[in-house]
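Here's the letter readout for the chains.
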Amino acid sequence: MKVAFVKNHFYWMYFRYRLVKIKIIFLVGLTYMSSLGNALEHAPKFDFPSATKSTVFSESKFDGANIRFKHLSLKDGLSQSTINTIVQDEQGFMWFGTESGMNKYDGYNFKVYFESLSDTSAISNNIVNVIFKAKNGSFWIGTDKGLNRFDPKTETFQRFFHDSSNPNSLSNNRIFSVIETMNGSIWIGTENGLNKYDNQKDQFIRYKNDPTDPNSVSHNTITSILEDSKNQIWVGTLGGGLNRLNEDQKTFTRYKQDAKIAGSLSDNNVLCLLEDKSGILWIGTEFGGLNEFDDENNIFIKYRHDPNNPLSIGDNHISILHEDKNGALWIGTYSAGVNVLNSTSKIFYRHEKHEEDVNSISSNRVTSIFEDQTGSIWVGTWIGGVNIYNRNSQKFIHYKHEPNNINSISHNDIRPIFEDSKGFLWVGTDGGGLNRIDRSNNEIKVYRNNNSDNNSLSNNHVYDIKEDKNGIFWIATDGGGLNEYNSETNTFKHHNHDPLNANSLSNDHVRIVNIDQSGKLWLGTNGGGLDTYDPETKKFTNYRHNPLDSNSIAGNRIYAMYIDASENVWLGTYGGGLSKLNQETGLFANYKNSISENSTISNDFVLSVYKDGKGYIWVGTSVGLCKMDQETGSFVTFTKKDGLPDDVVYSIISDGNGDIWISTNGGLTRFDPEKMDFKSFDVKDGLQSNEFNTGASFLSETGEMFFGGINGFNSFYPKQIANNPDVPNIVITNFTLFNKEVPIGVMEDGRTILSQSITKTKSLELFHTDRVFAFEYAALHYATPEKNEYAYMIEGLEDEWNYVGSRRYVSYTSLPPGKYVFRVKGSNNDGLWNNEGTSIQLTILPAWWATIWARIILIAAVIGMATYLYKLRMRKLKSQKKVLENVVAERTKELEEKNERIVQQAEELLVYNDNLNQLNENLEQTVAERTKQLIEKNRKLEEYAFMNAHNLRLPITNIQGIIQLFDVERSYEETKEMLDLVKGQSDQIDKVLIDIQSKLEKDN
């Protein structure tokens, strides 16, 4: 902590021995400022406006009062929480100098540059006091140990150190300030002298204090340097006051504190300098507050802290100054946060740390302030990280309860919001009573229940409030009935349910109050149905749901009510659907959800009802927004799939442009009924929460809208809710190969993939083996980076854009060899696209064997080999031909000899053939004769067979007859005689068979 204190404010080493002297000078300065103090004492006294509510009630441009910060801290990736310096480069990256390295930020991630003992191209020291962006795009970085020149392309640092043996080296290694003048000279303020860098000679010219020379710089500790619009160089010192340099003469004019001169500098410890757009020089000092230099009269006008004036500057220790594009002066202090000076009123608006306010500044010790290209203000603090104020995101003023602020609303759970005839704003809460806000001075009066006072508010749960034509306020409470408030007597009269009185309020849980044109009150209760109250007769009339009567009210829990110009009363019931009461007939028409019909109301839990200028009834339910056509009684429903941020619709209001504003459980949305388009806002846009409350909405006569929820309420003018006009710059932030970040300038595998930062790279060349690679990208717009959207494509592979929402990376796998172009585009948080985006040429090299040269060589080799083989083959064929010719000659000779033998054999065969023919003729004659003989024999055989067949038949017949005789019982002799006969017949058969056999044998 002590190191940071010394570094950031340049005085710890001098503090002890100067303290007494400074106190004396400070008292003298206060005497001089007494006239200004007296004037301020007569200024009107205001309760100091908090950052969340100060001008909720006025339509005005930024005056320094309405500021809400979002924060960056260690959990977001910052390397350290003390931010000494902030700059932005031409691409849009934000750079932060901390006590532990230099940080580069793209809206999502930080890249940190640390000191390295082994790498001389790294930053020389981790304590970064100043970062200055030169005209050529390089950075000059002052640290506690040397000066660095940083090249964003190669991301390398060139170091400059003090060398005691070299008078042309840097005068000291501890750097407090760096600037570049219009002529391109670099000036460096160190702990021991002022330096000017000569780029051509690469050396430093030193300017140091000479006690004997009153024209030398007044002190060697140079805290700040400024070139004004007249090209004069001003030098602030720690202990020597302010100096103006005449560079031609190399002399300094000194401006120092002088207790005897009222118009002298307030303090000799000058910490910061600024020239505003009108040419006025402002000087921030360590103990003397803020000084405005009157160049014409050569005097300093002083602004000091006045503990009795909350509109004075918050602290006399001024660490940093910045003028924004609107001319407001931002002042960083040591203990009072950031102060904004309204140049017209000369009022200082303090923005200090409040523990209960998450949107307040993170630390009261401010060390740096910077305005980016879009006008956002970045405030660096000591051990508090970075604070960001974005003008375009301050669309909704947030008004809420602050425990330590007695002049804040009483409770954050908001119910009704109402503006009365006198311009007072009434805000009811669910548990904190009723608030009356005087919009002229932001004073709040709270009305709460007091059990000992019967004239106090009956219940602290206030759900609705209306004012009648007599100036009487009617207040609905949840459990305390209806209250009648008379502002003249400051008393509340209570109207409660009386079971013994049929003309009393039906239920003490009253959610809604409405007053019709006749002055009659309409009350929606939570369980007692609908009541009317006649202030003249003092009687209540009740309408309840009757299950047996279809023309009765749809339900007894009334959550919404709207009385149209025709005096029809539209009622939203909780569970019963929508009802319309025709006062003339006294009948209710009810509209309920039907699952079988798409044209019915989406849900029977109705939370809000509104009629627009075209006669359409808009109904908010727990399942979407419904548009009702009164002529047909049909409904069209819009839900999340149509663009609603959430299906639970709490309140509906129409603005003067015909747009409908809808509060939900997912934020606030603006709906264009003509285009059927939703534009949604959430807590990141400044809403009190994404969750709102039923009935917590109001439209004032001036067109100001109010919506309440669970964390206070928001106020805004719809016409001021314009889309963010700043087109973001799109950059490629990282390139990985096989899920590893590719380093810059490092040779791997015989190649250097990135020779410079990927953000500056226009083309990449990869091997075919680089199968998995990825790009990361960002839209450098910091209002709400998480709402920025992206689309990418790779030409040569894809024909259409891939819209990926807020996803910021894309990876590719096994891309075929060829030439491609990777393109990415993006939008800001309001959907304004940079369609040009950025791109990078991408070449995927084929394998060596697939290159054109490899193919040419391969073809040449094939041709050469083929030629060689052809010639080799021809030589072999010639050799084979010669051998073949010899073989053919030998074979021919052998064939001729064989042919002669064959001819001789053929002649022999002819003779043999003649003999065979003769033998054949003889054989044929013999066969013919033999055939004739066989035919004759066969004839004779057939005749013989016929004859013998008869001879065989007769004995067999006899035998069969004899066998039949055996059927009669006979004597032995008769039987024997018969057997003899059988034997004789069988012998005869045997004799015939022997004759046949001998005949056959003879013929064969």
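The model shown is predicted, which means the values in this text are computed figures rather than measured ones.

Describing the sheet that holds strand β55 (residues 705-709)
For sheets, the rule is that strands pair by backbone hydrogen bonds, running either parallel or antiparallel.
Point 1. One open sheet accounts for four strands, arranged β29-β56-β55-β54; its pairing is antiparallel. Among the strands making up the open sheet, the edge pair consists of β29 (397-399) and β54 (692-699). The mean inter-strand angle of the sheet, taken between neighbouring strand axes irrespective of direction, is 20 degrees.
Point 2. Two elements, β54 and β55, share four bridges in a ladder whose sense is antiparallel. Within β55, the position partnered with Ser 697 by the bridge is Phe 707.

Observations regarding the pairing of strand β18 (residues 270-275)
Point 1. With six of six residues buried, β18 is to be regarded as a mostly interior element.
Point 2. With five bridges joining them, β18 and strand β19 (residues 281-285) adopt antiparallel strand pairing. The residue bridging Leu 274 from the neighbouring strand is Trp 282, located in β19.
Point 3. The hairpin formed by β18 and β19 contains five residues between the paired strands, and Gly 279 there has a positive phi angle of roughly 90 degrees.

Quick look at the UniProt feature "coiled-coil region" (unreviewed entry) in the protein chain
Point 1. The sites that carry the UniProt feature "coiled-coil region" (unreviewed entry) are, in the present numbering, residues 874-940.
Point 2. Note that residues 874-940 is 100% helix and 0% strand, and that its end C-alpha atoms are spaced 86 Å apart.

Quick word on the sheet that holds strand β5 (residues 110-113)
Point 1. Taken in spatial order, the four strands of this open sheet run β2-β3-β4-β5, and their pairing is antiparallel. In this open sheet, the two edge strands, each paired with only one partner strand, are β2 (83-88) and β5. Put simply, the sheet's adjacent strands are angled 20 degrees from each other on average, direction ignored.
Point 2. One ladder, built from four bridges, connects strand β4 (residues 101-105) with β5; its direction is antiparallel. Counted as the bridge partner of Tyr 105 is Phe 110 from β5.

Quick word on the layout of surface pockets
Point 1. Looking at the largest pocket, its volume works out to about 1400 Å³.
Point 2. If you trace the largest pocket, you find 44 residues lining it, with Phe 132, Val 178, Ile 179, Ile 320 and Leu 321 closest to the centre.
Point 3. Sorting the residues of the lining of the largest pocket by element identifies α1 (2-9), β2, β6 (128-133), β10 (175-180), β14 (222-227), β18, β22 (318-323) and β26 (366-371) as the ones contributing at least two each.

A few points about the domain arrangement of the protein chain
Point 1. Entries for the protein chain in the domain assignment read domain 1 (104-338), domain 2 (729-850) and domain 3 (859-895).
Point 2. One C-alpha centre belongs to domain 2, the other to domain 3; they are set 62 Å apart.

Some remarks on the packing of aromatic side chains
How two aromatic rings sit relative to each other is set out by the distance from centre to centre and by the angle between their planes.
Point 1. Applying the stated criterion across every chain, the model contains 69 aromatic pairs.
Point 2. Ring geometry for Trp 426 and Tyr 447: centres 5.7 Å apart, planes at 20 degrees, overall stacked. With Trp 426 in strand β31 (residues 425-429) and Tyr 447 in strand β33 (residues 443-447), the pair connects residues that are 21 residues apart, well separated along the chain. The pair formed by Trp 426 and Tyr 447 is uniform in burial state, with each residue classed as buried.

Analysis parameters
Residues numbered from 1 in each chain as written. Predicted model: local features only at pLDDT ≥ 70, side-chain atom pairs only at ≥ 80, totals over all residues. Heavy atoms only, no water. Pairing = 2+ DSSP bridges. Helix = DSSP H or I, 4+ residues; strand = E, 2+ residues; numbered from the N terminus. Axes fitted to C-alpha atoms, helices over the stretch in contact; angles between N-to-C directions. Buried < 20%, exposed > 50% of the residue type's maximum accessible area, 1.4 Å probe, protein only. UniProt positions renumbered as here; feature names shortened; annotations may be inferred. 1 Å grid on protein atoms, 1.4 Å probe; cavity = no way out; pocket = protein on both sides within 12 Å on 5 of 7 lines; lining within 4 Å. Points joined across faces, edges and corners; volume = space filled by probe spheres on them. Domains from an automatic or database assignment. Phe/Tyr/Trp six-rings, centres within 6.5 Å; stacked < 30°, edge-to-face > 60°.

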